[in-house]
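Commentary on secondary and tertiary structure
Residue-level listing of the chains:
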Amino acid sequence: MDPDASAVITPHLLARETLLWCGRPHDTTSLRRRAVAIILVEIAALVLRSLPLDSSLAERANINSILLAVLVCVLIAEAIVFHRYLSNTFYGVTNQRVIIMSGLGEPEMEAVFLDLLNTPQLRVRRIRRNVELSPTVNQPPFLPFANPSVGNECYRLLALEDPLRVYVLIVESAHKLK
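Residues numbered from 1 in each chain as written. Predicted model: local features only at pLDDT ≥ 70, side-chain atom pairs only at ≥ 80, totals over all residues. Heavy atoms only, no water.

**Here's the deal with the pairing of strand β3 (residues 97-102)**
For clarity, the cut-off: Note on classification: 1.4 Å probe, protein chains only; a residue is buried when its accessible area is under 20% of the maximum for its type, exposed when over 50%, partly exposed between these limits. What counts as a helix is a DSSP run of H or I of at least four residues, what counts as a strand is a run of E of at least two, and both are numbered from the N terminus. When DSSP finds two or more bridges between two strands, those strands count as paired.
When you tally the buried positions in β3, you get six out of six residues, the bulk of the element. With burial as the criterion, each face of β3 is covered, one bearing Arg97, Ile99 and Met101 and the other bearing Val98, Ile100 and Ser102. In this structure, strand β2 (residues 90-94) lies alongside β3, joined through four bridges in antiparallel fashion. Within β3, the position partnered with tyrosine 91 by the bridge is isoleucine 100. Between β2 and β3, which pair antiparallel one after the other, the connecting turn spans two residues. Strand direction decides the pairing type here: β3 and strand β4 (residues 108-113), joined by six bridges, are antiparallel. Within the sheet, the bridge partner assigned to arginine 97 lies in β4 and is phenylalanine 113. From the end of β3 to the start of β4, which pair antiparallel, there are five residues.

**Observations concerning the side chain of serine 173**
What counts here: Contacts are assigned to residue pairs that have any heavy atoms within 4.5 Å of one another.
Relative to the helices and strands, serine 173 resides in helix α4 (residues 163-177). The buried category is assigned to serine 173, whose relative accessible area is 5%. With residues up to four places along the chain from it excluded, the contact list for serine 173 reads Leu20, Thr94, Asn95 and Leu114.

**Focus on the nonpolar core**
Note the following rule: What we call a nonpolar core is a set of buried Ala, Val, Leu, Ile, Met, Phe, Trp, Tyr and Cys residues that are connected through their side-chain atoms within 4.5 Å.
Grouped together as the largest cluster of nonpolar side chains are 24 residues, with contacts concentrated most on Trp21, Leu133, Leu157, Val166 and Ile170. Looking at this core, the elements that each hand over two or more residues are α3 (55-87), β2, β3, β6 (130-134), β8 (154-157) and α4. Of the residues forming this core, the biggest block, five residues, is contributed by α4. In this structure tryptophan 21 touches Met1, Tyr91, Gly92, Val93, Leu157, Leu160, Arg165, Val166 and Leu169, once residues within four positions along its chain are discounted.

Have a look at this one:
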C-alpha cells in the first residue's frame, strides 16, 4: 500500500470498512502521448515558419504556424491540468467501496459502492493498466481539462502498477457483499 494514499483515504472510511488496497497513478502512456503530440505540432509550426515560399503561400504558412502555436499552447495547458489531476489522485479499495480522491486543489472524494457491481448500474473491466467502473461498455475518452478519473457516471483507476490485482480485489470484495 502507498503510505501517502493511505493517509489521504483512511480518514474517509466508514464504520466496519477495511482498507484492502490503496495507491496512486504512475507515469502513464497517455502523458507520453500528449508530450509527443505537443512536440510534433510544435515542429510542424516551426517548419511552416521557416519555409521560403512565394508571397501568397508564405502568408498562408504564416497564419497556419500562428494557429499551430496557439494549438501548442492549448495542448500544453491541457497536459498541465491532466498531470495536476493525476498527481493529486489517490485510489482505495475497501471491503465495501472503491474510493477515488482527486482534484486540482484539495482532493474531493468519489465513492462507488461495490454492491452495485455487475448490475445494470455498474460494470467493472480492466483495460491495460486501468480499471474502469462504468454503467456501459463504451464510455467516452478523457475530456480535455476534466478529471480523468471521474467522469459522467464512469470511474477510472488509471495507470496502476498491478491492475490485475486491483481488479481481482474489487470483484472478490463485491462477491463477499452478496
